[in-house]
Amino acid sequence: MKSQDIRTQFLKFFKSKDHSVVASAPMVIKDDPTLMFTNAGMNQFKEYFLGNGTPSDTRITDTQKCLRVSGKHNDLEEVGKDTYHHTMFEMLGNWSFGDYFKKEAITWAWELLTEVYKIDKEILYVSVFEGNEAEGLPLDKEAFDLWKQIVPDERIILGNKKDNFWEMGDQGPCGPSSEIHVDLRSAEEKAKMPGRDLVNQDHPLVVEIWNLVFIQFNRKADGSLEKLPQQHVDTGMGFERLCMVLQGVKSNYDTDVFTPLIKEIQNITSSTYGKDQETDIAIRVIADHVRAVAFAIADGQLPGSTGAGYVIRRILRRAIRYGFTFLNQKEPFVYKLVATLSKQMGEAFPELVSQKNLCENVIREEENSFLRTLDQGLVLLDEIIKESADKKVSGKKAFELYDTYGFPIDLTALILQEKGFSLDQEEFEKELQKQKDRSRNASKMISGDWQIVSDGETEGFVGYDSLEAEVKILRYRKTESKKEGELYQMVFDKTPFYPEGGGQVGDRGVLESTDGEVVYIIDTRKENNLIIHLAKSLPKNPSATFKAVVNVAQRARTAANHSATHLLHQGLRSVLGTHVEQKGSMVQSDYLRFDFSHFSKVSSEELQQIEHFVNKKISERLPLVENREMTYQEAINDGAIALFGEKYGDKVRAVKFGDSMELCGGTHVGNTADIWHFKIISEGAVASGIRRIEAITNEAAKEYFTGQTETFSELKAILKNAKDPVKAVVNLQEENAELKKQVESLLKDKAKNLKTELKYEIKEINGTNFLARKVDLDAGGIKDLSFQLGDEFENLFLLFATEQNGKALLSCYISKNLVEEKDLHAGKVVKELGKFIQGGGGGQPFYATAGGKNPDGIVEALKKAEEYLQ
RNA sequence: GGGGGAUUAGCUCAGUUGGCUAGAGCGUUUGGCUGGCAGCCAAAAGGUCAUCGGUUCGACUCCGAUAUUCUCCA
């Protein structure tokens, strides 16, 4: 069975069991501080498990693109070494939200595997949670009894808390799980050792394929468990592994999910898969990683140096590194695989097709820059090798190479090994740990349990229509971090405060109680669909009713910027073309920032046209038309612009100004006229194929123009109201350059004159040409003069003195031959003579300077100079 | 967000513990030689040593801040 069909069959099966099929959520997560990437099928439903939202359907099924780079079995550095771990993978799942529970979940899973996919029952094992005394949890008898009716006893395995009790994190929903494992070993192998002994033992051919989680508890901050009012089912089946089973191969990489990529890698790199272990690992690494990176970029996550972007960069660089070392790829090549990938998976994931060009460009650029880094690292490593005499390289040196110059440690180790050098790996790890601790401390956040003030569901955001509301606090908690200090997070029963999202900053404002107490809300954020208000303090009586008031001025300016962003987006598409797609957006009260796909610099003419386009829309006084109750499909059919990598609910909000229509949750002006004016203040690149425009509107634009006008008036005033100020400045610059040259040549003349003058003053003492006198030159001039005289006279001893800003300066020049013959040292001379001017100094044997604060001593110092030649 | 590094001629980079008027290669210009695929020889021009401040007799070099950039960690 082809992988395409395996996927379709799964969804079809659960559809027949009354599940509704939903699309995969984006791989990159935006509103959950504890998670960067979707790492399991349940992530997009987390809010339902937490009780922060209600699903449209109680039975749901999907295939979810997931990314794992860390965790108990998923160290990035291990991917590719075996045949069954991946960074990016698909998770097939079915869910029940307070609907069916263990019975249906177990029977259906078995039905699908054995009757639809027709997997031999003899190779399947199931596991059940054995209970845990410390937690006070008994054996999951319900699941055990259910399995007993289907599977013989010897195929049921009892699993411990580590394997069979699933938790979302330190806190939150959790419960026992039941896993289905498959034994793909040969009959011979099976005879040697029963499959049940290999379950959960990391055997490549005895693997878990499906995990059925029965969510029935909530883990609190103090570690205790609490029974949930509603019970849920959360299942996840690894798609690639399922394909392996159904296609009768022994490795995920031998399924048709990977074979097209592997074939292409062999083509491009002229290598062969299946002959040599190192080559095989490299090919697997590249095949796996290009998937992760391409999917992430298609979801709008570019490689970068922070957060999720950094993870993507690391994955891509690992692929490049393996290609570099084991497949001898010294030029970008990973990007060439995108075409194959998008052809192969584009049907199930259309974003891969529409974002193909961008993926290729971004990956190629990243490859180029990393290859440069590698080149530089190789040179540096060479130097380190040359410097280490005892064939040992310290961990500290290796760490510096890694930390500062980004040179991969395993490459360092490999090269050293080839040259017969050893590396102190332990010391390296120690340095790395130090760095990790530093970073962790800097971003540590402790959050307490939610304190429930009053029960009830929250209505959520009501701030589209009003900026004030009577609210009650539902719950609050205290958080502490180094960055922000102590903060209180509060959830209201409804709120006019817009939470940060869609690029728009969170609202600020106040919470007023009836007795006049005021608590400042410093930011509003969204976590798992819950709107959280941040404050430095808590009201005295949290159970009272408050008036929540949004900072009107800030909101108005932000709204102007957000609406302008939409017009800008439209303007860009109109001026540059419809290939322009939003790649990032930031809307603040003082400016807006918009990143978009476009492959060349936006010229100043184009920028002007774009500005003009937006300002025309502003002057057309277009009213805001919004529709909050559309379905996604209706909106798209109406021509609304939706964004890749954005998660949309069943009901979307469409925001329309004239012909501009976007799906958007942000706040906007009632009429484009409220934007006043739009001004682009910068344009530049953020990555290959991505440009960034920064712009201002409203009062900021006004201030900008006022400031510019003021500067210009001042400038004009300085230029005596010249008719053409630009020309006047150019003239000034030219004149200035001319004058500089003249001054320079005059100074040269002066020095020349002085030099000729001084030549006659030089007298001979004991065969040495000697001159000591005061001159009217600065330190540089004296030096210059000394060396010029030095060129013309042999056996020269010079002592110049000058007075500058009330300070005295001495300088001594001694011809090199004199230094040797007479054992003179200019440094010593100025140091000794420096006493007369109450100062000190030094320098080299042939030229030295000294400074002091007593110019009256100059005469004495000059007199004494002669003594050095006696 | 935290740490480390880098910033020197148009480009790629040297510059040892602060001190000889900041160098090289490529490129540019000029002159001469030469029938070639980086032609040869000679000469010249080109530098606020990222910016600002500090220490010092003296800072490209040391210290602090800023900007830009690379990189690791979270």
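Below, the structure is looked at part by part. (Residues numbered from 1 in each chain as written. Chains lettered and ligands numbered in written order. Predicted model: local features only at pLDDT ≥ 70, side-chain atom pairs only at ≥ 80, totals over all residues. Heavy atoms only, no water.)

## Structural notes on unusual backbone geometry
So, step 1. At N328, a position not held by glycine, the phi torsion is positive, near 55 degrees.
So, step 2. Along the chain, N328 turns up in the loop between α10 (307-326) and α11 (338-345).
So, step 3. On the accessibility criterion, N328 (54% relative accessible area) is exposed.
So, step 4. If you check the backbone angles, N766 has positive phi at about 50 degrees while not being a glycine.
So, step 5. Examined against the element boundaries, N766 turns out to sit in the loop between β27 (763-765) and β28 (768-774). (Helix = DSSP H or I, 4+ residues; strand = E, 2+ residues; numbered from the N terminus. Buried < 20%, exposed > 50% of the residue type's maximum accessible area, 1.4 Å probe, protein only.)

## Topic: the sheet that holds strand β24 (residues 660-663)
So, step 1. With respect to topology, three strands assemble into an open sheet ordered β22-β23-β24, the strand pairing being antiparallel. Since the sheet does not close on itself, it has two edges, and those belong to β22 (624-631) and β24, each with one partner. Geometrically, the sheet is characterised by an average inter-axis angle of 20 degrees between neighbouring strands, direction not taken into account.
So, step 2. The pairing of strand β23 (residues 651-657) with β24 spans four bridges and is antiparallel. In the strand pairing of β24, A654 is matched with L663. (Pairing = 2+ DSSP bridges. Axes fitted to C-alpha atoms, helices over the stretch in contact; angles between N-to-C directions.)

## Here we look at the packing of aromatic side chains
So, step 1. The tally for this structure, following the rule as stated, stands at 29 aromatic pairs.
So, step 2. Pairing F594 with F596 gives two aromatic rings, centres 6.1 Å apart and planes at 25 degrees, and the pair type is stacked. With respect to burial, F594 and F596 carry one shared label: buried.
So, step 3. When the centroid spacing of 5.5 Å and the interplanar angle of 75 degrees are considered together, the rings of Y704 and F705 count as edge-to-face.
So, step 4. Overall, the relative accessible area of 27% leaves Y704 in the partly exposed class.
So, step 5. Taken together, the aromatic side chains of F45, Y48, F49, W95 and F97 make up a single cluster linked through ring pairs.
So, step 6. Directly above the ring of Y125 sits R155, whose terminal nitrogen or CZ lies 4.6 Å from the centroid.
So, step 7. Here R475 stacks its cationic end above the ring of W450, 5.3 Å away from the centre of that ring. (Phe/Tyr/Trp six-rings, centres within 6.5 Å; stacked < 30°, edge-to-face > 60°. Lys NZ or Arg CZ within 6 Å of the ring centre and 35° of its normal.)

## Some points on the packing of helix α13 (residues 356-387) against helix α15 (residues 409-418)
So, step 1. Between α13 and α15, the least distance of the axes is 11 Å, while the angle of their chain directions is 45 degrees. One finds that α13 runs oblique with respect to α15. Every pair of crossing elements has a handedness; the one defined by α13 and α15 is right-handed. For the pair α13 and α15, the contacting residues are L374, L378, L381 and I385 in the first and L411, T412, I415 and L416 in the second. (Parallel < 35°, antiparallel > 145°, perpendicular 65-115°, else oblique. Left-handed = near helix turned anticlockwise from the far one by under 90°. Contact = heavy atoms within 4.5 Å.)

## Comments concerning the protein's contact with RNA strand B
So, step 1. Around RNA strand B there are 34 residues in total, and Y310, R317, Y402, F787 and Q844 lie nearest to it.
So, step 2. Sugar plus phosphate, as a fraction of atoms of RNA strand B within 4 Å of the protein: 61%.
So, step 3. For RNA strand B, a phosphate oxygen lies 3.3 Å from a polar atom in the side chain of R313.
So, step 4. Here a sugar or linking oxygen of RNA strand B and a side-chain polar atom of R438 are 3.2 Å apart.
So, step 5. At the level of elements, α10, α14 (395-405), α16 (425-442), α22 (779-792), β31 (839-843) and β32 (847-852) are the ones that each hand at least two residues to the surface near RNA strand B.
So, step 6. Grouping the constituent residues of the surface near RNA strand B by class yields eight nonpolar, 17 polar and nine charged. (Near = heavy atom within 4 Å. Polar contact = N/O pair within 3.5 Å; in protein donor to acceptor, adjacent residues only side chain to side chain. Nonpolar A, V, L, I, M, F, W, Y, C, P; charged D, E, K, R; others polar.)

## Looking at the nonpolar core
So, step 1. Counting 117 residues, the largest nonpolar core has Y117, W147 and W210 as its most contacted members.
So, step 2. Of all the elements, helix α9 (residues 277-298) adds the most residues to this core, at 14 residues.
So, step 3. Among residues more than four places away in sequence, those in contact with W147 are I106, W110, V126, V128, I156, S178, I180 and L212.
So, step 4. Counting 27 residues, the second largest nonpolar core, distinct from the first, contains I610, F613, V655 and I680. (Core = buried A, V, L, I, M, F, W, Y, C linked by side-chain atoms within 4.5 Å.)

## Some points on the pattern of salt bridges
So, step 1. A full pass over the atoms with the stated rule returns 46 salt bridges.
So, step 2. In this structure, R628 engages D465 in a salt bridge whose closest nitrogen and oxygen atoms are separated by 2.7 Å. In this pair, R628 is assigned in strand β22 and D465 in the loop between β13 (451-452) and β14 (468-481), connecting sequence segments 163 residues apart.
So, step 3. You can call R628 partly exposed: its relative accessible area is 30%.
So, step 4. R557 is the salt-bridge partner of E699, the closest N and O atoms lying 4.0 Å from each other. On the criterion of sequence distance, the pair formed by E699 in helix α20 (residues 698-718) and R557 in helix α17 (residues 552-575) is long-range, its members being 142 residues apart.
So, step 5. Given the relative accessible area of 35%, E699 is considered partly exposed.
So, step 6. With relative accessibility at 27%, the residue R557 sits in the partly exposed group.
So, step 7. Among the charged side chains, a salt-bridge network with shared partners connects E77, R318, R321 and D410. (Salt bridge = Lys/Arg side-chain N within 4 Å of Asp/Glu carboxyl O.)

## With respect to the side chain of S271
So, step 1. With respect to the helices and strands, S271 occurs in the loop between α8 (259-269) and α9.
So, step 2. For S271, the side chain forms a polar contact with the side chain of T269, separated by 2.7 Å.

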